Amino acid sequence: MEHERAADPGPVPAPRATRIIRAALLAHGPQSRAQLLTRTGLARSTVARVAQSLIDQGVVREISGPGAASSRGRPPVLLALNTAADLVGCLVLSHRDLRAAIVALDGTILASVDASVDPLDSTFDLVGRGEVMLRTASATLDETAIENLLGLALAVPGPYRPGVGLVGVQELAAQVRGAHGGRELPPWMTQDPGTELARRLGVPVVVENDANMAAIGEHTAGAASDARSAVVVTVFDGLVGAGLILNGKLFRGALGMAGEIAHVSVVENGPLCRCGRRGCLAAVLATTELSTPIDGEEPSLHLVDVFSRAAFGRPALLPALLDATRHIGKVLSDLCIWLNPETIVIQGLDAQVADRVVAMLETEIHARAGHLVGQATRVLASRLGEDARVLGGLALVRQHLAAQADAD
Ligand SMILES: [Zn+2]
């Protein structure tokens with residue numbers, strides 16, 4: 001016999017109740033209707049109605065619970081997310097392009113759209129462009145796929161502090177004015193783009209620095225997945241950065257700037273860096289021009305280009321490659337002494353040369369960091385490449401939804 005609940009919490013708007021139930025199933029796995037009732041505090045009628053609606057939509061399915069039978073001798077019926085129907089959106093902004101991806105909960109990237117952009121252009125509308133690209137990507141799956149988004153992750157190319165926005169905007173403004181002839185900053189740099197994206201799409205949005213997002217991706221689904229401590233180095237678009245995983249978690253530091261290895265000083269009184277100081281790793285890699293251009297490519301190549309491209313088999317470029325390896329290896333060997341990480345993952349290497357570049361870096365790190373420290377650290381090439389940031393975004397959204405479900 002059914003008993004009426006004494007205190008009905010009252011009606012909760014259907015979209016919110018739907019989100020609460022989906023987040024609870026995502027965070028805690030398959031559950032019975034009774035368990036959902038206790039966990040969410042929603043009214044029995046609301047749970048019943050939303051559950052049936054989700055089953056009808058194919059978002060949730062009923063499965064038999066394990067082990068203990070109910071009082072009537074049958075296994076309990078549990079509600080489980082049909083993971084193919086639950087989707088997470090990811091926007092990855094780099095220095096040259098914007099990628100919108102739709103990802104299933106199991107990490108399958110179902111759709112992806114790319115566009116070349118200039119993120120420093122004052123007219124660049126990250127929120128508007130991102131929304132359109134997400135809708136385009138999801139429309140390739142299904143007209144209603146955008147409605148099944150549980151959340152959205154946004155990776156930005158700069159240090160980002162959750163709840164505050166980009167760190168060091170004033171310094172960036174000076175750089176942008178210098179590089180773009182006095183133009184103002186685009187809105188995504190001065191206002192938190194996560195807030196407006198959340199309003200437009202009606203889902204929670206998690207924003208993170210791109211190297212940090214890549215580190216989370218490697219830690220959850222890539223080369224660092226069995227490591228408690230890892231340094232994930234990104235060498236994309238001629239820029240170098242890193243994300244740190246310490247004790248199994250992303251380490252952001254006080255301002256979200258932990259791992260900004262681009263601005264570690266490697267040459268005393270070296271070339272001027274865009275940060276205003278001299279001799280930073282980024283400046284040395286980006287401003288040291290090679291005397292020998294790679295055949296058929298642009299004449300002005302820099303050290304960072306040989307590091308990520310097929311420089312092997314071209315003896316003339318070997319000195320430059322050794323130079324790049326020496327500078328990056330110095331910074332990483334210092335990091336090894338500070339942090340003693342289990343794994344260093346290098347992202348952005350040309351697949352044809354990745355293993356050899358990694359072997360060179362490992363030799364450099366072992367030589368500089370000392371036998372014990374060096375031997376403790378594996379240096380690996382990323383298997384995920386640019387997908388690491390998308391998969392890191394998925395992991396961040398899942399963490400966010402789980403925390404939200406626990407708080408509700
Ligand atoms: Zn610098």
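Here the structure is shown first, and the text comes after it.
Definitions and cut-offs
- Residue positions within a chain follow its written sequence, with the count starting from 1.
- Selection of residues for local features in this predicted model requires a pLDDT of at least 70, selection of side-chain atom pairs for listing and counting requires 80 or more, and totals for whole chains, interfaces and linings are taken over all residues.
- For helices, the fitted line uses only the C-alpha atoms of the stretch in contact; every axis is such a line through C-alpha atoms, and the angle between N-to-C directions lies from 0 to 180 degrees.
- Note on conventions: DSSP H or I runs of at least 4 residues are helices, E runs of at least 2 residues are strands, and numbering of each starts at the N terminus.
- Working definition: roughly parallel below 35 degrees, roughly antiparallel above 145 degrees, roughly perpendicular at 65 to 115 degrees, and oblique for all remaining angles.
- Working rule for handedness: look at the near helix, and if it is turned counterclockwise from the far one by less than a right angle, call the crossing left-handed; if clockwise, right-handed.
- In this description, any two residues whose backbone-derived C-beta atoms lie within 7 Å of each other are considered to be in contact.
- Basically, the charged four are Asp, Glu, Lys and Arg, the nonpolar ten are Ala, Val, Leu, Ile, Met, Phe, Trp, Tyr, Cys and Pro, and anything else, Gly included, counts as polar.
- To estimate how far a helix should reach, multiply one less than its number of residues by 1.5 Å.
- Three exposure classes are used. Buried residues have 20 or more other C-beta atoms within 10 Å of their own C-beta, exposed residues have 12 or fewer, and partly exposed residues fall in between, all C-beta atoms being placed from the backbone.
- Directions from the helix axis toward the C-beta atoms define the arc.
- By the convention used here, strands pair only if DSSP detects at least 2 bridges between them.

> Provide a residue-level description of the packing of helix α11 (residues 318-339) against helix α12 (residues 354-369), including the pertinent values.
Working note: a packed helix pair is described by the angle between its axes plus the distance between those axes. The interhelical angle for the contact between α11 and α12, taken along N-to-C directions, is 50°, at an axis separation of 8 Å. By the criterion of interaxial angle, the relationship of α11 to α12 is oblique. As α11 packs across α12, the resulting crossing turns out to be right-handed. Together, Thr325, Arg326, Ile328, Gly329, Lys330, Leu332, Ser333, Cys336 and Ile337 of α11 and Met360, Leu361, Glu364, Ile365, Arg368 and Ala369 of α12 make up the contact between the two elements. Per-class residue counts for the contact of α11 with α12 are eight nonpolar, three polar and four charged.

> Describe α12, listing the residues and the values that go with them.
Spanning 16 residues, α12 covers 22 Å between terminal C-alpha atoms, matching the ideal 22 Å at 1.5 Å per step. All of the buried residues along α12 are Val357, Met360, Leu361, Glu364, Ile365 and Ala369. Here the buried residues of α12 occupy an arc of 145° about the axis, which is enough to place them on one side. Turned more than 90 degrees from where α12 packs its buried face, Asp355, Ala359 and Ala367 sit exposed.

> Can you tell me about the sheet that holds strand β3 (residues 87-93), naming the residues and giving the values?
What the five strands build is an open sheet, ordered β5-β4-β3-β6-β9; its pairing is mixed. Two strands close off the open sheet at either side, each with one partner strand: β5 (109-116) and β9 (205-209). The mean inter-strand angle of the sheet, taken between neighbouring strand axes irrespective of direction, is 15°. Strand direction decides the pairing type here: strand β6 (residues 149-156) and β9, joined by five bridges, are parallel. Bridge pairing in β9 links alanine 155 to glutamate 208.

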